[in-house]
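Spelled out from the first residue to the last, the chains are:
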Amino acid sequence: MITSSWRHDFPTLTNNQQTSPFVYLDSAATAQTPLAVIERMQRFYTHEYATVHRGIHRLSANATYNMEQVRQTVANFVNAKSNDEIIFTKGTTEAINLVANTYLPTFAQTGDEIIITEMEHHSNIVPWQMLAQRLGLTIKVWRMTAEYRLDLNDLQKLLSKKTKLLGLTHISNVLGCINPIKAATAMAHQCGAAVLIDGAQGIMHQAVDVQDIGCDFYAFSGHKLYGPTGIGVLYIAQQWLNTLPPWEGGGAMIDDVQLPIGTTYQTSPWRFEAGTPNIAGILGLGEAITYINHIGMDAIVTHEEALIRYAEEKMQHVDSLKIYGNAANRAGVIPFNLGSHHAFDVGSFLDNYGVAIRTGHHCAIPLLRCLQQSVVCRVSFGLYNDSQDVDIFVDRMRHIKKLLG
Ligand code: PMP
């Protein structure tokens, strides 16, 4: 039996009035929020509310101090060299768009190349395509092998002196495979290309050390890390900080404003954070990281690894359930289909039985094309799941199989 001693920290899981049982297996879409995070944001609105950076009064100074403390907490969490390297964004999507819109126009010329993999989330495809079109760049695709793996030899064949950027997901949101991000980064750097790692799924299933990876950019979202929605992080390695121009213009990012033209900008991180930030979201993210640090990433990884092995083993015994990807290299998620039954039907039945899973293309249509599927089901796990969740899910799958034939 695999139990979770952290489950009771999550009000949605313990107070759910809608269904009994309530089995939440959709953490890869968004992870549930512990009470500590909710209370931290409530405390801000109840007792500490003011905006940051502008005020001379005590509340504002306090909000600024607390927000900057979170920047330090995030820097420590990913082992950044300095907190200047931590930029607050709305999420992974905005972080990637920021890099696309600052790095490429500054450093890429017509005819240069971007490499992305076949397993990327649309957030790590579309921004590059939009910029490629605008700047006359070519996108090359690092395809998967027949076993749905990324092979570094294939990357080597794609890299050239024209490569300006490699965009690569840390962990696939569909297959759950953990990609060789450190080796890929070293190879790309040898050709002079910068590397952006999409850490939306990596950040909550592995300890992340950006200095060890050596990447130029690492993006993630707070809501996949037991924090709130609307807040994310872009790590920018120091060497780029003040060579990249700002992306959005507005308050808080300027040094001086001249008319009609001649405005100068703040240094990083503020030059990338125009406007009033999501202060409550930042404080919530800080609390989520404190919560995780308290448990320890090692304990979380051990728990999730045991759970995913258990789930994969059990799922294999459900008649005609097909699991995609590779069990030997998997974190957090298991994609599957039940015979020829449409994933939406399976997901709807499970919902009626109190089991929440994800169905659809998972914002990874190119990857699904490789699987020769238009939709798949996906179960995903968080630190609060236990073997009972898996048992209920597998039992309900057997019922569905009987019902649907
Ligand atoms: N990349 C991956 C791998 C993801 O799983 C997600 C979220 N599903 C994103 C990017 C986008 O994250 P967000 O919507 O929080 O910006």
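Residues numbered from 1 in each chain as written. Predicted model: local features only at pLDDT ≥ 70, side-chain atom pairs only at ≥ 80, totals over all residues. Heavy atoms only, no water.

Section: the site of the ligand
Turning to step 1, where the next piece is worked out: Near the ligand lie 13 residues; those nearest to it are Thr93, Asp198, Gln201, Ser221 and Lys224.
Turning to step 2, where the next piece is worked out: At 3.3 Å from an oxygen atom of the ligand is found a main-chain nitrogen or oxygen belonging to Thr92.
Turning to step 3, where the next piece is worked out: Within the side chain of Asp198, an N or O atom sits 2.6 Å from a nitrogen atom of the ligand.
Turning to step 4, where the next piece is worked out: In isolation the ligand exposes 400 Å². Once the protein is present, 84% of that is buried.
Turning to step 5, where the next piece is worked out: Here the ligand is seated within the largest pocket.
Turning to step 6, where the next piece is worked out: For the shell around the ligand, the residue count by class is one nonpolar, ten polar and two charged. (Near = heavy atom within 4 Å. Polar contact = N/O pair within 3.5 Å; in protein donor to acceptor, adjacent residues only side chain to side chain. Areas by Shrake-Rupley, 256 points an atom, 1.4 Å probe, with all protein chains shown as cover. 1 Å grid on protein atoms, 1.4 Å probe; cavity = no way out; pocket = protein on both sides within 12 Å on 5 of 7 lines; lining within 4 Å. Sits in = over half its atoms within 2 Å of the grid points. Nonpolar A, V, L, I, M, F, W, Y, C, P; charged D, E, K, R; others polar.)

Quick notes on the nonpolar core
Turning to step 1, where the next piece is worked out: One finds Phe88, Trp128, Phe217 and Tyr218 to be the most contacted residues of the largest nonpolar core, which totals 100 residues.
Turning to step 2, where the next piece is worked out: Considering every element that reaches this core, the biggest residue donor is helix α9 (residues 279–295), with nine residues.
Turning to step 3, where the next piece is worked out: Per-domain counts for this core show at least three residues from each of domain 1 (7–25 + 296–404) and domain 2 (38–293).
Turning to step 4, where the next piece is worked out: Apart from the residues lying within four places of it in its own chain, the contact partners of Trp128 are Ile96, Val99, Ala100, Leu104, Ile114, Ile116, Ile139, Leu165 and Leu196.
Turning to step 5, where the next piece is worked out: By size, the runner-up hydrophobic cluster in this structure holds 28 residues, among which are Leu25, Ile308, Ala343 and Leu350. (Core = buried A, V, L, I, M, F, W, Y, C linked by side-chain atoms within 4.5 Å. Buried < 20%, exposed > 50% of the residue type's maximum accessible area, 1.4 Å probe, protein only. Helix = DSSP H or I, 4+ residues; strand = E, 2+ residues; numbered from the N terminus. Domains from an automatic or database assignment. Contact = heavy atoms within 4.5 Å.)

Considering the environment of Asn66
Turning to step 1, where the next piece is worked out: Note that Asn66 resides in helix α3 (residues 58–78).
Turning to step 2, where the next piece is worked out: Put simply, Asn66 and Ile282 are 216 residues apart on the chain and 9.1 Å apart in space, counted from C-alpha to C-alpha.
Turning to step 3, where the next piece is worked out: Excluding its chain neighbours within four sequence positions, the residues that come into contact with Asn66 are Arg40, Glu48 and Leu283.

A short note on the sheet that holds strand β12 (residues 333–338)
Turning to step 1, where the next piece is worked out: One open sheet accounts for four strands, arranged β11-β12-β15-β14; its pairing is antiparallel. If you trace the sheet from one side to the other, it starts and ends with β11 (321–323) and β14 (358–360), each paired once. Recorded for the sheet is a direction-independent mean angle of 30° between the axes of neighbouring strands.
Turning to step 2, where the next piece is worked out: Relative to strand β15 (residues 376–380), β12 runs antiparallel, the two sharing four bridges. Residue pairing across strands places Val333 opposite Ser380, the latter belonging to β15.
Turning to step 3, where the next piece is worked out: The strands touched by helix α10 (residues 297–315) are β11, β12 and β15; relative to β12, the strand with the most contacts, the crossing angle is about 10°.
Turning to step 4, where the next piece is worked out: Strand contacts of helix α11 (residues 343–352): β12, β14 and β15, with the helix running at about 160° to β14, the strand carrying the most contacts. (Pairing = 2+ DSSP bridges. Axes fitted to C-alpha atoms, helices over the stretch in contact; angles between N-to-C directions.)

Considering the packing of aromatic side chains
Turning to step 1, where the next piece is worked out: The tally for this structure, following the rule as stated, stands at 16 aromatic pairs.
Turning to step 2, where the next piece is worked out: Relative to Tyr384, the ring of Tyr226 has its centre 5.8 Å away and its plane inclined at 90°; by these criteria the two rings are edge-to-face. Note that Tyr226 is positioned in the loop between β7 (217–221) and β8 (232–236) and Tyr384 in the loop between β15 and α13 (387–404), a separation of 158 residues in sequence. Tyr384 shares its class with Tyr226; the two are buried.
Turning to step 3, where the next piece is worked out: Every member of this aromatic cluster is reached through a ring pair, and the members are Phe10, Phe22, Tyr24, Tyr226, Tyr291 and Tyr384. (Phe/Tyr/Trp six-rings, centres within 6.5 Å; stacked < 30°, edge-to-face > 60°.)

Some details on the layout of surface pockets
Turning to step 1, where the next piece is worked out: There is about 380 Å³ of room inside the largest pocket.
Turning to step 2, where the next piece is worked out: Residue lining of the largest pocket: 25 residues in total, with Ala28, His121, Asn173, Lys224 and Cys363 positioned closest to the centre.
Turning to step 3, where the next piece is worked out: Broken down by secondary-structure element, the contributors of at least two residues to the lining of the largest pocket are α4 (92–107) and β14.
Turning to step 4, where the next piece is worked out: Of the residues that constitute the lining of the largest pocket, the class distribution is five nonpolar, 14 polar and six charged.
Turning to step 5, where the next piece is worked out: Counting contributing residues per domain, the lining of the largest pocket is built from domain 1 (7–25 + 296–404) and domain 2 (38–293), each supplying no fewer than three.
Turning to step 6, where the next piece is worked out: Its boundaries defined by the atoms lining it, the second largest pocket holds a volume of some 250 Å³.
Turning to step 7, where the next piece is worked out: As for the second largest pocket, its lining consists of 17 residues, and the residues nearest its centre are Phe88, Thr89, Glu94, Ala274 and Pro277.
Turning to step 8, where the next piece is worked out: Of all the elements in the fold, those that place two or more residues in the lining of the second largest pocket are β2 (86–89) and α4. (Points joined across faces, edges and corners; volume = space filled by probe spheres on them.)

Quick notes on the sheet that holds strand β4 (residues 138–142)
Turning to step 1, where the next piece is worked out: Spatial ordering of the open sheet is given by β2-β8-β7-β6-β5-β3-β4, a layout of seven strands whose pairing is mixed. Either end of the sheet is taken by a strand with one partner, and the two such strands are β2 and β4. The average angle at which neighbouring strand axes cross in this sheet is 20°, direction not considered.
Turning to step 2, where the next piece is worked out: As paired elements, strand β3 (residues 113–117) and β4 share five bridges and run parallel to each other. Opposite Thr117, over in β4, you have Trp142 as the bridge partner.
Turning to step 3, where the next piece is worked out: Against the sheet, α3 makes contact with β2, β7 and β8, and its axis sits at roughly 115° relative to β2, the strand it touches most.

Observations regarding the domain arrangement of the protein
Turning to step 1, where the next piece is worked out: Assigned domains within the protein: domain 1 (7–25 + 296–404) and domain 2 (38–293).
Turning to step 2, where the next piece is worked out: Using only C-alpha atoms to locate each centre, domain 1 and domain 2 end up separated by 29 Å.
Turning to step 3, where the next piece is worked out: Across the contact, 32 residues belong to domain 1 and 27 residues belong to domain 2.
Turning to step 4, where the next piece is worked out: Between domain 1 and domain 2 lies a buried interface of about 2500 Å² when both sides are counted; carbon and sulfur atoms form 63% of it.
Turning to step 5, where the next piece is worked out: It is Met297, Asn329 and Leu367 in domain 1 that bury the most area against domain 2; as a group they hold 24% of the surface buried on that side.
Turning to step 6, where the next piece is worked out: Taken together, the links from domain 1 to domain 2 amount to zero salt bridges.
Turning to step 7, where the next piece is worked out: In this assembly, domain 1 and domain 2 are joined by 13 residue pairs in polar contact (both at pLDDT 80 or more).
Turning to step 8, where the next piece is worked out: Going through the elements one at a time, α10, β12, α12 (365–370) and β15 are the ones with two or more residues in the side of domain 1 that touches domain 2.
Turning to step 9, where the next piece is worked out: Examining the composition of the side of domain 1 that touches domain 2, we find that five residues originate from one element, α12, more than from any other.
Turning to step 10, where the next piece is worked out: Looking at the side of domain 1 that touches domain 2 residue by residue, the class counts come to 21 nonpolar, seven polar and four charged. (Buried area = accessible area lost by both parts, 1.4 Å probe. Salt bridge = Lys/Arg side-chain N within 4 Å of Asp/Glu carboxyl O.)

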